[in-house]
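Here is what each chain is made of, one letter per residue.
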Amino acid sequence: KSLSSKGYILIGSYIGAAGMYFSGSETCTSKTSTYSTIENNSVWNAAARLIREALAPYIKGKVKKEPETGYIRPTTISHWERVATKACIERLEGENEISGGSIYIDPKQSPNADTPVKISVTIEADGIAHTFDVDLTVK
């Protein structure tokens, strides 16, 4: 338990199950970190790659703005959100890699050469069952 609490991965066996098993998938970082497990890193890397590939065609492209505010037009925002959601969230859900997620682009942005478009992505990664606590009663 001491080594596991520090993020180390050990190998052991389970009674009734053949073979050897890893104790977990920690990555020697804080348990509260996004990068605390191998499966979280895998999901993060896949999501980053898919979003980058989906939005790359729009880099250095024109961005229509609302004349009154100077902010990105809502139609552009919704288009980018749909493109990124389909490429990332829907694909990873379809491949059974995540439980769900969302993509949000704040419309109150005015991108230029010094100001990137900021996008918020939230992914609900699948959990891992490490143990079962069974209340077994025999009468």
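These numbers were taken from a predicted model, which means no experiment stands behind them.

Let's shift gears to the packing of helix α2 (residues 38-55) against helix α3 (residues 74-94). Close contact between α2 and α3 brings their axes to 9 Å; oriented N to C, the two are set at 145°. Handedness of the α2/α3 crossing: right-handed. Note on element contacts: α3 touches α2 through W80, V83, A84, A87, C88, R91 and L92, opposite A46, A47, L50, I51, A54 and L55. Taken together, the residues of the contact of α2 with α3 sort by class into twelve nonpolar, no polar and one charged.

Relative to the 30 Å expected for 21 residues at 1.5 Å per residue, α3 spans 28 Å between its end C-alpha atoms, a close match to the ideal helical length. The largest bend along α3 reaches roughly 40° and is located at T85. Residues T76, I77, W80, E81, A84, C88, I89 and L92 constitute the buried set of α3. Close packing links the buried residues of α3 with α2, β3 (98-105) and β4 (119-125). Directly after α3, the chain includes N96, whose backbone phi takes a positive value near 60°.

Next up on the list: the environment of I15. Within the secondary structure layout, I15 lies in the loop between β1 (11-14) and β2 (17-22). With 65 residues separating them along the chain, I15 and W80 place their C-alpha atoms 51 Å apart.

With that settled, the discussion passes to the packing of aromatic side chains. A complete count under the given rule lists two aromatic pairs for this structure. Each ring, one from Y14 and one from Y21, has its centre 5.5 Å from the other, and the planes form 55°; the classification is tilted. On the basis of relative accessible area, Y14 is assigned to the partly exposed category, the value being 44%.

Note that β1 and β2 share three bridges and pair antiparallel. Paired with G12 across the strands is Y21, a residue of β2. Counting the residues that bridge the hairpin from β1 to β2 gives two residues, and of these G16 lies at a positive phi of roughly 90°.

The next subject is α2. Its 18 residues give α2 an end-to-end C-alpha distance of 26 Å, which sits within 8% of 26 Å, the value for a rise of 1.5 Å per residue. Taken together, the buried positions of α2 are V43, A46, A47, L50, I51, A54 and L55. Down the axis of α2, the buried set is contained in an arc of 140°. They therefore lie on one face.

How each quantity is defined
Position labels on residues start from 1 in each chain and follow its written sequence. Given that the model is predicted, a residue must reach a pLDDT of at least 70 before its local features are reported, and side-chain atom pairs must reach 80 or more before they are shown or counted; all residues, however, enter totals for whole chains, interfaces and linings. Hydrogen atoms and water are omitted, and side-chain values are computed over all heavy atoms in the structure. All axes here are fitted lines through C-alpha atoms, helices being fitted over the stretch that makes contact, and every angle between N-to-C directions spans 0 to 180 degrees. Only DSSP runs of H or I reaching four residues or more are called helices, and only runs of E reaching two or more are called strands; each is numbered from the N terminus. For any pair of crossing helices, the crossing counts as left-handed if the nearer helix is rotated counterclockwise from the farther one by less than a right angle, and right-handed if it is rotated clockwise. Contacts were defined at the residue level, with two residues in contact if any of their heavy atoms lie within 4.5 Å. Residue polarity is assigned by list, with Asp, Glu, Lys and Arg as charged and Ala, Val, Leu, Ile, Met, Phe, Trp, Tyr, Cys and Pro as nonpolar; anything else, Gly included, falls into the polar class. The length a helix should cover is 1.5 Å for every residue beyond the first. Bend at a given residue is defined as the angle between two axes, one fitted to the seven residues that end at that position and one fitted to the seven that begin there. Type-normalised accessible area, obtained with a 1.4 Å probe on protein chains alone, sets the label of each residue: buried when under 20%, exposed when over 50%, and partly exposed for intermediate values. Note on aromatic contacts: the rings of Phe and Tyr and the six-membered ring of Trp form a pair at centre separations within 6.5 Å, being stacked when their planes are under 30 degrees apart, edge-to-face when over 60 apart, and tilted otherwise. Here the rule is simple: two strands pair whenever DSSP picks up at least two bridges between them. It is the directions from the helix axis to the C-beta atoms whose arc is reported.

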